[in-house]
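# What the coordinates show
Here are the chains, one letter per residue:
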Amino acid sequence: VRVLPGAAAVLKLLAARPDTQVAVASRSAKPEWSKALLAKVPDLAAAAVHIYPGDKRTHLRRIAKGLGCAFSRMVLFDDARDGKHGNCVAAAALGVLAVHCPQGLNEERWRAGLAAFEKGVRGKVIDAPGGPSSKPTVTLPAVSLAMPFAALLLNGFKTLETRNNELFAPYE
């Protein structure tokens with residue numbers, strides 16, 4: 001398991017804040033695998049771990065109940081802003097401050113979330129620089145992608161493969 005450098009730095013910052021409770025919430029069809037990997041993450045002291053199929057609202061409701069924490073005292077950092085699997089918009093609707101991290105959690109997004117929280121922002125999504133619509137868009141006839149591949153594609157970690165289908169050739 002390799003933790004991205006930005007996330008590792010934030011975990012170290014969190015470890016230095018004993019007054020802050022950390023909860024992990026993840027949608028996974030294989031919770032046992034996810035929990036085993038999570039156990040290998042250094043500097044992670046989670047007060048609550050919620051890894052199971054379901055949506056982020058369910059995770060957040062259970063975290064709030066289990067930790068006795070109001071939604072207005074929670075900050076969510078997530079790479080999925082909106083849409084069917086979007087978590088930030090759904091969390092904000094509950095009153096949680098949600099910080100969109102399209103490239104993963106890093107110190108810049110962490111500090112943006114803390115600054116907004118300290119200013120009293122609640123029930124909002126703090127967008128990454130450039131906002132949600134700053135990426136170029138492509139209109140295609142019809143495409144269905146598995147969520148993990150789509151996330152990798154949309155965040156620039158994968159590219160469209162055209163060797164077996166000319167449909168995507170103009171977008172290489």
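Quick look at the structure, then. (Residues numbered from 1 in each chain as written. Predicted model: local features only at pLDDT ≥ 70, side-chain atom pairs only at ≥ 80, totals over all residues. Heavy atoms only, no water.)

## So, the side chain of Arg81
With respect to the helices, strands and loops of the structure, Arg81 is situated in the loop between strand E3 (75-78) and helix H4 (88-94). Of the polar contacts made by the side chain of Arg81, one reaches the side chain of Asp82; its length is 3.0 Å. (Helix = DSSP H or I, 4+ residues; strand = E, 2+ residues; numbered from the N terminus. Polar contact = N/O pair within 3.5 Å; in protein donor to acceptor, adjacent residues only side chain to side chain.)

## Topic: the sheet that holds E3
In space, the three strands of this open sheet follow the order E3-E4-E5, with parallel pairing throughout. Two strands lie at the open edges of the sheet, namely E3 and strand E5 (125-126), each paired on one side alone. Relative to strand E4 (residues 97-100), E3 is paired through four bridges, and the arrangement is parallel. Its bridge partner lying in E4, Asp78 is registered against His100. (Pairing = 2+ DSSP bridges.)

## Remarks on the pattern of salt bridges
Applying the stated criterion across every chain, the model contains seven salt bridges. Between Arg57 and Asp55 there is a salt bridge, with the nearest N and O atoms lying 2.9 Å from each other. Looking at Arg57, the relative accessible area reads 33%, which means it is partly exposed. Asp55 sits in the partly exposed class, given a relative accessible area of 25%. For Asp82, the salt bridge identified is with Arg81, shortest N-O distance 3.0 Å. Look at Asp82 and you get partly exposed, because its relative accessible area is 45%. When salt bridges that share partners are traced, they join Arg81, Asp82 and Asp127 into one network. (Salt bridge = Lys/Arg side-chain N within 4 Å of Asp/Glu carboxyl O. Buried < 20%, exposed > 50% of the residue type's maximum accessible area, 1.4 Å probe, protein only.)

## Quick word on the packing of aromatic side chains
Applying the stated rule across the entire model yields one aromatic pair. Between the aromatic rings of Phe77 and Trp110, the centroid separation amounts to 5.6 Å while the plane-to-plane angle is 35°, which identifies the pairing as tilted. With Phe77 in strand E3 and Trp110 in helix H5 (residues 107-118), this residue pair connects regions lying 33 residues apart in the sequence. For Phe77, a relative accessible area of 23% corresponds to the partly exposed category. Note that Lys30 overlies the ring of Trp33, its terminal NZ or CZ placed 5.1 Å from the centroid. Residue placement shows Arg122 over the ring face of Phe117; its charged tip is 3.7 Å from the ring centre. (Phe/Tyr/Trp six-rings, centres within 6.5 Å; stacked < 30°, edge-to-face > 60°. Lys NZ or Arg CZ within 6 Å of the ring centre and 35° of its normal.)

## A short note on H5
When the terminal C-alpha atoms of H5 are compared, their 16 Å separation across twelve residues agrees well with the 16 Å that a helix rising 1.5 Å per residue should span. Burial in H5 covers these residues: Arg109, Trp110, Gly113, Leu114, Ala116 and Phe117. Buried residues of H5, viewed axially, fall in a sector of 165°; they line one side. Of the surrounding elements, those touching the buried residues of H5 are helix H1 (5-15), E3, E4 and E5. Between the side-chain oxygen of the N-cap and the backbone nitrogen of Glu108 there are 3.0 Å, and the N-cap of H5 in question is Asn106. Downstream of H5 by one or two residues, Gly120 has phi in the positive range, about 90°. (Expected span 1.5 Å × (residues − 1). Arc of directions from axis to C-beta. Contact = heavy atoms within 4.5 Å.)

Remember that the coordinates give geometry; whether it matters functionally is a separate question.
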